[in-house]
Amino acid sequence: MIDNNNPLSAHVNNTYHDARALPEESPLLMSRHEVSEPGHRLTPSQQTVWFTLRTFVAQLFVFMVTAGLSTYGIREMYLVLNTNAITSLQMVFLLLFSINFLWVTFAFSQALLGFLLHLKPRLIKENETEPEFKTAVLLPIYNEDPLRIRATIEAMSADLIATAPGKYAFFILSDTNRADAWIAEEQTFLDLINNSQPQCPVYYRRRHQNSERKAGNIGDWVQRWGGDYEAMLVLDADSIMSAKSMVTLSRRLAGAPGVGLIQTLPTLVFANTLYSRLQQFANQCFGPIYAEGLSAWHGLSSNFWGHNAIIRTKAFAESCHLPILSGKAPFGGHVLSHDFIEAALLRRAGWGVRFDTDIEASFEEAPPSLIDVMIRDRRWCQGNLQHSAFMFARGFSLPTRLHLLSGVMSYLSAIFWLALIMVGLAIAVQAAFIRPEYFANPSLFPTWPVFDSERALSLFVVSMAIVLAPKAFGWFAALINIPRCLRFGGPILLTLSTLLEMIMSALYAPILMVSQFGVVLSIFRGKDSGWMPQSRDDGALSWMSVMRAHLGHTVFGVALALTALSLSTELFYWLLPITIGLMLSIPLSWLSGGARRTKWIKTVGLLRAPEEKKPVNILVKVKENEANLPHLRHMHPFSRLVNNPLLFKWHLAQLPDLGEQKPTFYAPRIIAEWKLNHAESLSQLESWLEPAEVIALLSNADYLQKLKTIGN
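Engineer: Tell me about helix 27 (residues 691-698), residues and numbers included.
Structural biologist: Burial runs high along helix 27: six of the eight residues are buried. For helix 27, the set of buried residues is Glu693, Val694, Ile695, Ala696, Leu697 and Leu698.

Right, here's the structure in full:
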């Protein structure tokens, strides 16, 4: 039986299948906020003098390096173009170059700061205190593979029981809206929940109306059960954390009363395709350098990535009920990329938001293929562009505004880069086909249309050094750390892997640039991204599917290359780093997914990540659990329920109690009821029903009892 008085001592007997898989509710009020509201300063007790000084110096360093390099680059480009006089087209080129160069130098300055900090030992550790509160571990899921999630929870809960019994509880928060996935979840999680130990119980809740998507899912939990848990540790469906890391997060939150959120640096693991291995290697080799720099200048105004972070529940409830943006989607309505805005709202309310990069054993998985990244970008792009509504709103700190600008620019930069290329090409066309006006201005001397090629070459070399330096920093930092270097496979494999990552990322970058350009345009044209579940397989697609996705990229790359070649051989070679990736987009994308297509890379040790050579115990345990779980047979949800009386009984117990609530008009429910009353067999009913009608029947206890009689 469930002890409703203590959510952390709940234990469901294995033979008890008619109980709700939830503790007694303990609500917290969440009032919806506006885009613009007064901001609150951090209290002096939230940061020491040393921490304040360190953050200020880091921010000054980033500003000075960005300003210095940007001034140099923009001035040099102006001198390249303005040998005699600058044309209006060249002025547009200079403006686009200035935007792009400023953005590149901003990223470089953060990486340089992180590199310098990474070289010194970490002398000061964050304050930790034994927490007196309970922490809820939240796993929001949406049409996911339940077996993977069960294997992960079993491993993490066992680790927590051994490390911190009675301090944690898991909540599986389902927003699944496919009938087959819903019942498969319940069948998979039934024994997990019924057999969970009182020292770390596991609960399950499925929302029947998944409004506001993931933000609404978390918000629903806060408003129903948040009062019993002072902290919530938010994970993603593919997140894994060791008990030591979770306990460290709880201890650090307890030791910093003014901090509302602590974000960890998730490490990518379990990569088995070319594209995911490229991301995994970059994450583990170059990622720590960027992260150190970000953490240093963010101070207590850091960001939230939506998962692998701990949040003070009451602070979240008071601050983070997201505003509804005015207008229609894609720019209006509910905020899609909720994480950046939740961090911004916490900071605006006076809570510190911290990025602790030294907490290890915090993991997630990477998208398996290039096309999967492109699909994800469609949703992320829309969410990030929505952030423009908050950038100049009242109450936000400068670092918060820079976070929001970074999110917007991560996709608008594709517009600026492609525009820069096209304007440069237009200048070349103008020079080749339009006769210059030597005496456009009244003068005794002609104006010769020339530019400084030597200065242009020097600027190109500097620009490439700035772009590639962060990767070099990561390589060098790993190389001089002997134990870490050996986990990458040794200095030779580390160097070869770094070079391979540089080459392949350079080939994939133009494809993503053109893809993101199209995504941004579609959003500006008013197309909504919707909400699709993320791919968790190996991303293998057929040649025809890949060709349909990338034919436009290939044609554009060929057209760009032929245009450049018709103008000059030099221009063709200058544009080759961009055009070659586009022209080869179909085979490159096909190679990016599918575990067997580039298995030789893993075999020879290239792109090896430290966690592959010696994985931590929690990763080993997750894989063992997953291998030991029996696979679910493909079955219609009605058949799955009717053939399993215990599951049928448990499913009924999980349905919400409507009480005296009057039924509202819902066409799929009415149609489903008619079909249920006229079907002669279960198989006939299954063939008649549409997906929404199946959900309607599964959500009604009376209909399910009738369904059981048909099944018999």
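Engineer: Report on the nonpolar core, specifying residues and quantitative values.
Structural biologist: Ranked by internal contacts, the top residues of the largest apolar core, which has 70 residues, are Phe170, Phe638 and Leu698. Top element by residues in this core is helix 4 (residues 179-194). It accounts for seven residues. In contact with Leu698, other than residues within four places in its own chain, are Ala179, Trp182, Ile183, Pro637, Phe638, Leu641, His651, Leu655 and Leu704. With 52 residues, the next largest nonpolar core counts Phe171, Ala309, Leu385 and Val519 among its residues.

Engineer: Can you explain the side chain of Glu185? Please cite residues and give values.
Structural biologist: If you trace the backbone, Glu185 turns up in helix 4. The charged side chain of Glu185 is buried without a salt bridge, its nearest counter-charge being Arg206 at 5.9 Å.

Engineer: Outline the pairing of strand 9 (residues 352-355), supporting the account with residue identities and numerical values.
Structural biologist: The alternating pattern of strand 9 places Gly352 and Arg354 and Val353 and Phe355 on opposite faces, both of which are buried. Examined bridge by bridge, strand 6 (residues 259-263) and strand 9 share four bridges and lie parallel to one another. Bridge pairing in strand 9 links Val259 to Gly352.

Engineer: Any chance you could break down the packing of helix 1 (residues 49-81) against helix 14 (residues 453-480) for me, citing the residues and the numbers?
Structural biologist: Running from N to C, helix 1 and helix 14 point in directions that differ by 150 degrees, and their axes come no closer than 9 Å. Of the possible angle classes, the one that applies to helix 1 and helix 14 is roughly antiparallel. Judged by the twist between their axes, the crossing of helix 1 over helix 14 is left-handed. For the pair helix 1 and helix 14, the contacting residues are Leu69, Tyr72, Gly73, Glu76, Met77, Leu79 and Val80 in the first and Arg455, Ala456, Leu459, Val462 and Ile466 in the second. Looking at side-chain class alone, the contact of helix 1 with helix 14 contains nine nonpolar, one polar and two charged residues.

Engineer: Help me get a handle on the packing of helix 1 against helix 8 (residues 287-298), residues and values and all.
Structural biologist: Interaxial distance between helix 1 and helix 8 falls to 7 Å at its minimum, and their mutual angle equals 115 degrees. Judged by residue contacts, Thr55, Ala58, Gln59 and Val62 of helix 1 engage Ala296, Trp297 and His298 from helix 8. Classifying every residue of the contact of helix 1 with helix 8 gives four nonpolar, three polar and no charged.

Engineer: Explain the environment of Gly299 to me, and be specific about the residues and the numbers.
Structural biologist: Looking at the secondary structure, you find Gly299 in the loop between helix 8 and strand 8 (309-312). When the C-alpha atoms of Gly299 and Val353 are compared, they prove to be 7.9 Å apart, with 54 residues separating the residues in sequence. In this structure, Gly299 is in contact with Phe51, Thr55, Val353 and Arg354, ignoring residues within four places of it in sequence.

Engineer: Could you give an account of unusual backbone geometry, naming the residues involved and the relevant values?
Structural biologist: Most peptide bonds take the trans form, and the phi angle of most residues other than glycine is negative. Of note, the bond from Ala329 into Pro330 is cis; its omega dihedral lies within 30 degrees of zero at 15 degrees. The residue Pro330 is located in the loop between helix 9 (313-319) and helix 10 (338-348) in this model. Unlike most non-glycine residues, Ala361 shows phi in positive territory, near 60 degrees. Tracing the backbone through its elements, the reader meets Ala361 in the loop between strand 9 and strand 10 (362-364).

What counts and how
- Residues numbered from 1 in each chain as written.
- Predicted model: local features only at pLDDT ≥ 70, side-chain atom pairs only at ≥ 80, totals over all residues.
- Heavy atoms only, no water.
- Buried < 20%, exposed > 50% of the residue type's maximum accessible area, 1.4 Å probe, protein only.
- Helix = DSSP H or I, 4+ residues; strand = E, 2+ residues; numbered from the N terminus.
- Core = buried A, V, L, I, M, F, W, Y, C linked by side-chain atoms within 4.5 Å.
- Contact = heavy atoms within 4.5 Å.
- Lys, Arg positive; Asp, Glu negative; His and termini not counted.
- Salt bridge = Lys/Arg side-chain N within 4 Å of Asp/Glu carboxyl O.
- Pairing = 2+ DSSP bridges.
- Axes fitted to C-alpha atoms, helices over the stretch in contact; angles between N-to-C directions.
- Parallel < 35°, antiparallel > 145°, perpendicular 65-115°, else oblique.
- Left-handed = near helix turned anticlockwise from the far one by under 90°.
- Nonpolar A, V, L, I, M, F, W, Y, C, P; charged D, E, K, R; others polar.

Nothing here speaks to function; it is all geometry.
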